[in-house]
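Listed here are the chains, written in short residue letters.
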Amino acid sequence: GAGVSQSPSNKVTEKGKDVELRCDPISGHTALYWYRQSLGQGLEFLIYFQGNSAPDKSGLPSDRFSAERTGGSVSTLTIQRTQQEDSAVYLCASSLSRLNTEAFFGQGTRLTVV
Amino acid sequence: AQSVTQLDSQVPVFEEAPVELRCNYSSSVSVYLFWYVQYPNQGLQLLLKYLSGSTLVKGINGFEAEFNKSQTSFHLRKPSVHISDTAEYFCAHRDTNTGNQFYFGTGTSLTVIP
């Protein structure tokens, strides 16, 4: 596609429910990243994919968070048993595998847990 | 440890005045450096990047940044700002060896006053 696409753009969920956030990276980009941006905060790294594998999951805040990537393309970030502190904007980015390239970001999914 | 420090969380400046947004990084290896801009309710957009060569890098919208290796800094500058430059600005780096993630600063909110 022309850019990184994330869906849904907004999600309101009740505390304790599970949510799935989707990311469609730019075609041909093998690296994919998930970041979380809380109100007034910077970008918190969650997980990095190279192809379908995740060599760096160090940023996932708890075992309620998981992510997968299939076919070297679409990625899904799943949050189980959501808590109010999970409310944030979840940003997905992709880049070419070459190290000297930038990350291209999607518009984000704004998650609100009520 | 790798990190990025943006020294100013908020910068107000009058229209047509010059501005400098400060960024310092910490890394034990050589890095690539980036500045991103985030307009309200949007994802991040690349302003400019330093990969190698000339330490003065020019980007979009009249912005430029200078890489200073001895001071580990990558400050962003614009000689004359416009109202439309009001946004959040993020500095980031990626190491040149593995580049598994982009390390972001906490952001600087630039407000241009008419």
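Numbering of residues begins from 1 in every chain and follows the order in which that chain's sequence is written. Each chain is given a letter, starting from A, and each ligand a number, starting from 1, according to the order in which they appear as written. Totals for whole chains, interfaces and linings use all residues, but because this is a predicted model, local features are given only for residues with pLDDT of at least 70 and pairs of side-chain atoms are given and counted only at 80 or more. Heavy atoms throughout the structure, all of them, feed into the side-chain values; hydrogens and water do not.

### Section: the side chain of S75 of chain A
Definition in use: Strands here mean DSSP runs of E at least two residues long; helices mean DSSP runs of H or I at least four residues long; both are numbered from the N terminus. The term polar contact refers here to a pair of N or O atoms within 3.5 Å; inside protein, the definition further demands a hydrogen-donor-capable atom paired with an acceptor-capable atom, and it admits residues adjacent in sequence only when both atoms are side-chain atoms.
With respect to the helices, strands and loops of the structure, S75 of chain A is situated in strand β8 (residues 75-79). At 2.9 Å, the side chain of S75 of chain A and the side chain of W34 of chain A are in polar contact.

### Quick notes on the pairing of strand β12 (residues 108-113) of chain B
All names here are of chain B. Condition: Partly exposed describes any residue whose relative accessible area lies between the buried limit of under 20% and the exposed limit of over 50%, with all areas from a 1.4 Å probe on protein chains only and scaled to the type maximum. Strands were regarded as paired on the criterion that DSSP finds at least two bridges between them.
Of the two faces of β12, only the one carrying T108, L110 and V112 is buried; S109, T111 and I113 on the other face are not. Here strand β2 (residues 10-14) pairs with β12 via five bridges, running parallel. When the sheet's bridge partners are listed, V13 is paired in β12 with V112. Of the strand pairs in this sheet, strand β10 (residues 87-95) and β12 are connected by three bridges, and their pairing is antiparallel. Paired with A87 across the two strands is L110, which belongs to β12.

### Quick look at unusual backbone geometry
Where the residue is not glycine, phi is negative for most of them; where a peptide bond is considered, it is trans in most cases. Omega for the peptide link from S7 of chain A to P8 of chain A comes to -10°, which places this bond in the cis form. Look at E16 of chain B: it is not a glycine, yet its phi comes out positive at around 75°. Tracing the sequence through the fold places E16 of chain B in the loop between β2 and β3 (19-21). On the basis of relative accessible area, E16 of chain B is assigned to the exposed category, the value being 60%. Backbone geometry places N61 of chain B, a non-glycine residue, at a positive phi of 60°. As for its placement among the helices and strands, N61 of chain B is situated in the loop between β7 (56-58) and β8 (64-68).

### Topic: the pattern of salt bridges
Charged atoms that come close allow side chains of opposite charge to pair. All names here are of chain A. Let me state the cut-off plainly: The salt bridge definition used is simple: a Lys or Arg side-chain nitrogen within 4 Å of an Asp or Glu carboxyl oxygen.
Under the definition given, this model contains nine salt bridges over all chains. Between D24 and R22 there is a salt bridge; the shortest N-O distance is 3.0 Å. Residue class for D24 comes out partly exposed when judged on its relative accessible area of 24%. Exposure remark for R22: the relative accessible area of 38% places this residue in the partly exposed category.

### So, the nonpolar core
In globular proteins that are soluble, nonpolar side chains generally tend to be buried together. All names here are of chain B. We apply this condition: Residues enter a nonpolar core if they are buried and are Ala, Val, Leu, Ile, Met, Phe, Trp, Tyr or Cys, with the set joined through side-chain atoms within 4.5 Å. We call two residues in contact when some of their heavy atoms are within 4.5 Å.
Residues W35, L47, L48, F74, L76 and Y89 are the most contacted members of the largest nonpolar core, which totals 28 residues. Contributing elements (two or more residues each) for this core: β2, β3, β5 (31-38), β6 (44-50), β8, β9 (73-78), β10 and β12. The biggest single contributor to this core is β5, with four residues. If near-sequence neighbours (up to four positions away) are discounted, F74 is found in contact with C23, L33, F34, W35, L48, Y50, A65, E66 and F67.

### A word on the sheet that holds strand β3 (residues 19-24) of chain A
The pairing of strands in a sheet comes from backbone hydrogen bonds and takes either a parallel or an antiparallel form. All names here are of chain A. Here is the rule we go by: Throughout, an axis means a line fitted to C-alpha atoms (over the contacting stretch in the case of helices), and angles, computed between N-to-C directions, take values from 0 to 180 degrees.
In space, the four strands of this open sheet follow the order β1-β3-β8-β7, with antiparallel pairing throughout. Since the sheet does not close on itself, it has two edges, and those belong to β1 (5-7) and β7 (65-69), each with one partner. Sheet twist, expressed as the mean angle between neighbouring strand axes with direction ignored, is 15°. Relative to β3, β1 is paired through three bridges, and the arrangement is antiparallel. Bridge pairing links S5 to D24 in β3.

### Description of the state of the cysteines
In protein structure, a disulfide is the covalent linkage between the sulfur atoms of two cysteines. All names here are of chain A. The following threshold applies: Any two cysteine sulfur atoms lying within 2.5 Å of each other are counted as a disulfide.
Summed over the entire model, instances satisfying the criterion amount to two disulfides over all chains. Here C23 connects covalently by a disulfide to C92, the sulfurs 1.9 Å from one another. Taking the sign of the torsion about the S-S bond as the criterion, the disulfide between C23 and C92, at about -65°, is left-handed. With C23 in strand β3 and C92 in strand β9 (residues 88-95), this pair connects stretches of sequence that are 69 residues apart. The two residues C23 and C92 agree in class, both being buried.

### Overview of the side chain of R94 of chain B
With respect to the secondary-structure elements, R94 of chain B resides in strand β10. A polar contact is formed between the side chain of R94 of chain B and the side chain of Y33 of chain A, at a distance of 2.9 Å.

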